[in-house]
Protein chains: 2
Amino acid sequence: MTQTSWDPRRLTAVAVELPEGVTPPGTRGRILRAALRLFAEYGFHGASIRDIAREVGINSATLYAHYPAKEHVLAELIRLGHEELRRRMVEAAGAAGDDPAEQLAALVRAQVLVHTDYPLLALVANHELHALSPESAAPALALREEARQLLLAVLERGATAGAFDVADVPLTGIAIGSLGMRVANWFGPDQPYTREQVADAFVGFALRLVGSPLPRG
Amino acid sequence: MTQTSWDPRRLTAVAVELPEGVTPPGTRGRILRAALRLFAEYGFHGASIRDIAREVGINSATLYAHYPAKEHVLAELIRLGHEELRRRMVEAAGAAGDDPAEQLAALVRAQVLVHTDYPLLALVANHELHALSPESAAPALALREEARQLLLAVLERGATAGAFDVADVPLTGIAIGSLGMRVANWFGPDQPYTREQVADAFVGFALRLVGSPLPRG
DNA sequence: GTCTATAGATGGATAGAC
DNA sequence: GTCTATCCATCTATAGAC
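In the annotation of an unreviewed UniProt entry, the entry for chain A reads TetR/AcrR family transcriptional regulator, and the organism field reads Micromonospora solifontis.

Set out below in C-alpha cells:
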C-alpha cells in the first residue's frame, strides 16, 4: 500500500538532528536536542523542564546553568531553524544563474531540503513560535522575512520578464511557501520518498504553479 | 504595501465562529467558543481551565458540569472541524459533474473555503491533534482520511482518463492538501483577499499542479 | 557544573452547599 | 447548573552545598 497517511502524533521516528556547526557543544547541545524532540512531540507547554532534564540525564536545576529560562531554549531552537532556512536559500539564490525558472527551482529545492533534513526543527520553528514573547520571536521573524523576500523577488522578476505567467505574485508566493512548509509534517522514514525525490517533485510543482515550461523536458 | 506577512502570534482578530447547526446551545456552546479562541492562540497546554472559564464568565468548576475533562473540549472542537471539512467535500464532490477537472476544482474550493470560513477551528484541528489520546483523535482521523480519499480518487480518475498529467498521485495529493491547509494560518481581515478570491486562485493552482488546462479560459 | 531541596505559583479536577 | 472552597499534583525557578 502506497499510503502516505497523516500521523495523529507528531513525528517521533525521526533522528533528532540540528544543523552542523551551529550546534553548541557539550551539555548545552544535549539540552537543545532533548528539547527539540520533546517540543516537537508535545509542544512547548506540553513538555516540562523536568522532562527535558530527564531526557538529557541531568537534574532539572542543572538546566539553569546553561539557559536562564525555558523560553530561551525554545528561542534558540527557533532561531537556529530560521537561520538554516535563510542560509540555504541565500546560498541557493547565489549559486543559481540568471534564469528566473532556474532561480525559482533552486529556492524551492533549498526550502524543501531544509524541511526534509531537519523536520523536527522545522516543526518547532513553525508551530511553537507563538509561545515566544515578541522580543524573543523577532530575530526568527526577520530571518523568515528575508527568505520570503528572496522568493517574492524571483517571482516578480520572472513575471515582469515574461518567463512566468503569474496572476498574483503574493498569493503565488504564499502557495509555494505553503507547499514546502508542510513537508516537515509528513516527511520521514515511514514513507517511500527520498529527500531528492520530494525536492524534484516540489520544484516541478512550483514551476507549474508559475506557468513555466519544465526546464528539463 | 501589499504585504501578506506572517504573524508571530496566531490569529486573534478573527471572529470566533463554529459551523452552524452543529454547535451545542447554551453554556456548552459558549465554553466551546471560548476554548476555540484560547486553544487557537495559546495551544491546548497553553490555555488553562481557568482561562476558558474566565472568558466564558463562569467559574472553572462549572465547566465540569458540561465536559468531564479539558481534553473532551478539545476533542469536540477537533471533531467538529473535521466533520465540517468532510461534509463540505462530500457535498462538493456530489454536486460536481463527471469531468475530473471540475471535480478537482470543487474539492479544492470546498477545502479552501472551510479554512477561510473557520480559520480558528482549522488551526486547532490541525495543530492540536497531538494533544489528544489516540482514542479521542480517532474519529477526527477517520473523517480526515475520508476527505483525503475523495481527493485521491479524483486525481486517480483524472490521471487514468488522461485529463491530468500527474507523475505521482500521492505526492500531488499531499501538495494540493498542503496548499489549502495552510490557508488558516494567514487568511484574515488584515489581508486584501476575499474568500472567493482565494478559492479561485487556489483552484487555479491545483489545476496547474495536475497539468490541466484551465476550464474557464 | 552538578546536585538536593524547596519555594511559590499554577495546573486539572472534586466535594458539597444552594 | 452554578457557586465557594479546596485537594493534590506539577510547574518554573531559585538557594545553597559540593
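What follows picks up the thread again.
Novice: What should I look at first to understand the UniProt feature "DNA-binding region" (unreviewed entry) in chain A in this one?
Specialist: Within the UniProt annotation, "DNA-binding region" (unreviewed entry) is assigned to residues 48-67 of chain A. The straight-line gap between the two end C-alpha atoms of residues 48-67 of chain A is 14 Å; of that span, 40% is helix and 0% is strand.

Novice: How do you make sense of the relation of the copies chain A and chain B when you look at a structure like this?
Specialist: Both copies of the chain are tied together by a single rotation about an axis and a shift running along it. The transformation that overlays chain A on chain B combines an axial shift of 0.0 Å with a rotation of 180 degrees, and the residual RMSD is 0.0 Å. Here the symmetry operator amounts to a two-fold rotation axis. Of all interface residues in chain A, 100% are interface residues in chain B too; the two copies therefore contact each other through one and the same surface.

Novice: Honestly, the protein's contact with DNA strand D in this entry has me stumped. Any pointers?
Specialist: Surveying the vicinity of DNA strand D reveals 16 residues, the closest of which are R50(A), K70(A), N59(B), T62(B) and H66(B). Backbone atoms, meaning sugar and phosphate, form 58% of the atoms of DNA strand D found within 4 Å of the protein. Separating a base oxygen of DNA strand D from a side-chain N or O atom of R50(A) is a distance of 3.1 Å. Measuring from a phosphate oxygen of DNA strand D, one finds a side-chain N or O atom of Y64(A) at 3.0 Å. For the surface near DNA strand D, the class distribution of residues is eight nonpolar, five polar and three charged.

Novice: Please clarify how the packing of aromatic side chains should be interpreted in this entry.
Specialist: Centre distance and the angle of the planes are the two values used to describe a pair of aromatic rings. If you walk through the whole model with that rule in mind, you get eight aromatic pairs over all chains. When the ring of F202(B) is compared with that of F205(B), the centres are 5.4 Å apart and the planes differ by 55 degrees; the resulting orientation is tilted. You can see F202(B) and its partner F205(B) sitting in helix α9 (residues 195-209), three residues apart, about one turn around the helix. Given a relative accessible area of 1%, F202(B) falls into the buried group. For F205(B), a relative accessible area of 8% puts it in the buried group. Here the aromatic residues W186(A), F187(A), F202(A) and F205(A) are joined through ring pairs into a cluster of three or more. The positively charged end of R28(B) is found above the aromatic ring belonging to Y67(B), 4.4 Å away from the centroid. Sitting above the plane of the F44(B) ring, K70(B) keeps its charged end 4.3 Å from the centroid.

Novice: What should I look at first to understand the environment of A47(B) in this one?
Specialist: Residues and elements named next belong to chain B. Tracing the sequence through the fold places A47 in the loop between α1 (26-42) and α2 (49-56). Sequence-wise, A47 and R37 are 10 residues apart; in three dimensions their C-alpha atoms are separated by 9.7 Å. When sequence neighbours within four positions are dropped, the list of residues in contact with A47 reads L38, F39, Y42 and K70.

Novice: How should the protein's contact with DNA strand C be read in this particular structure?
Specialist: Near DNA strand C you find 16 residues, and of these N59(A), T62(A), H66(A), I49(B) and K70(B) are the closest. If you look at DNA strand C and keep only atoms within 4 Å of the protein, 59% of those are sugar or phosphate atoms. T27(A) is positioned with one of its side-chain polar atoms (N or O) 3.3 Å from a phosphate oxygen of DNA strand C. Contacts to DNA strand C include Y64(B), whose side-chain N or O atom sits 3.0 Å from a phosphate oxygen. Its residues assigned to classes, the surface near DNA strand C shows eight nonpolar, five polar and three charged.

Novice: What am I meant to see in the pattern of salt bridges here?
Specialist: Residues and elements named next belong to chain B. Inspection of every chain in the model, using the stated rule, returns 32 salt bridges over all chains. A salt bridge links E41 to R37; the nearest nitrogen and oxygen atoms lie 2.9 Å apart. Of the two residues, E41 and R37 both sit in helix α1, four residues apart, roughly one turn of that helix. Note on R37: relative accessible area 23%, which makes it partly exposed. Here E84 makes a salt bridge to R88, at a shortest N to O gap of 3.0 Å.

Novice: Could you clarify how one ought to interpret α9(B) in this entry?
Specialist: Given 3.6 residues to a turn, an α-helix orients residues that are three or four positions apart in the same direction. Its 15 residues place the ends of α9(B) 21 Å apart at the C-alpha level, agreeing with the 21 Å of an ideal helix rising 1.5 Å per residue. Of the residues making up α9(B), those classed as buried are V198(B), A199(B), F202(B), V203(B), G204(B), F205(B), A206(B), L207(B) and L209(B). Looking at the buried residues of α9(B), the elements they touch are α7 (169-181) and α9 (195-209) of chain A together with α4 (100-117), α7 (169-181) and α8 (183-186) of chain B. Remark: G211(B) follows α9(B) within two positions and exhibits a positive phi of approximately 70 degrees.

Novice: What should I look at first to understand the environment of V166(B) in this one?
Specialist: Residue and element names in this part refer to chain B. Take V166: it is sitting in the loop between α6 (134-160) and α7. On the basis of relative accessible area, V166 is assigned to the buried category, the value being 16%. Taking the C-alpha atoms as reference points, V166 and L155, 11 residues apart in sequence, are found 8.1 Å from one another.

Novice: Would you mind going over the UniProt feature "domain: HTH tetR-type" (unreviewed entry) in chain A with me for this structure?
Specialist: UniProt tags residues 25-85 of chain A as "domain: HTH tetR-type" (unreviewed entry). This span, residues 25-85 of chain A, is 67% helix and 0% strand, and a straight line between its end C-alpha atoms measures 21 Å.

Novice: Just checking my understanding: could you explain the interface of chain A and chain B for this structure?
Specialist: Interfaces are often described in size by the accessible area the parts lose on coming together. Listed as interface residues are 43 residues of chain A and, on the opposing side, 43 residues of chain B. Interface area, chain A with chain B, both sides summed: about 4200 Å², of which 64% is carbon and sulfur. The tally of links between chain A and chain B comes to two salt bridges. Linking D165(A) and R208(B) is a salt bridge whose minimum nitrogen-to-oxygen distance equals 2.7 Å. Those elements that provide at least two residues to the side of chain A that touches chain B are α1 (26-42), α6 (134-160), α7 and α9 of chain A. In terms of residue count, α7(A) provides more of the side of chain A that touches chain B than any other element does, eight residues in total. Of the residues assigned to the side of chain A that touches chain B, the class counts are 20 nonpolar, 13 polar and 10 charged.

Analysis parameters
- Residues numbered from 1 in each chain as written.
- Chains lettered and ligands numbered in written order.
- Predicted model: local features only at pLDDT ≥ 70, side-chain atom pairs only at ≥ 80, totals over all residues.
- Heavy atoms only, no water.
- UniProt positions renumbered as here; feature names shortened; annotations may be inferred.
- Helix = DSSP H or I, 4+ residues; strand = E, 2+ residues; numbered from the N terminus.
- Least-squares fit on C-alpha atoms with pLDDT ≥ 70 in both.
- Contact = heavy atoms within 4.5 Å.
- Near = heavy atom within 4 Å.
- Polar contact = N/O pair within 3.5 Å; in protein donor to acceptor, adjacent residues only side chain to side chain.
- Nonpolar A, V, L, I, M, F, W, Y, C, P; charged D, E, K, R; others polar.
- Phe/Tyr/Trp six-rings, centres within 6.5 Å; stacked < 30°, edge-to-face > 60°.
- Buried < 20%, exposed > 50% of the residue type's maximum accessible area, 1.4 Å probe, protein only.
- Lys NZ or Arg CZ within 6 Å of the ring centre and 35° of its normal.
- Salt bridge = Lys/Arg side-chain N within 4 Å of Asp/Glu carboxyl O.
- Expected span 1.5 Å × (residues − 1).
- Buried area = accessible area lost by both parts, 1.4 Å probe.

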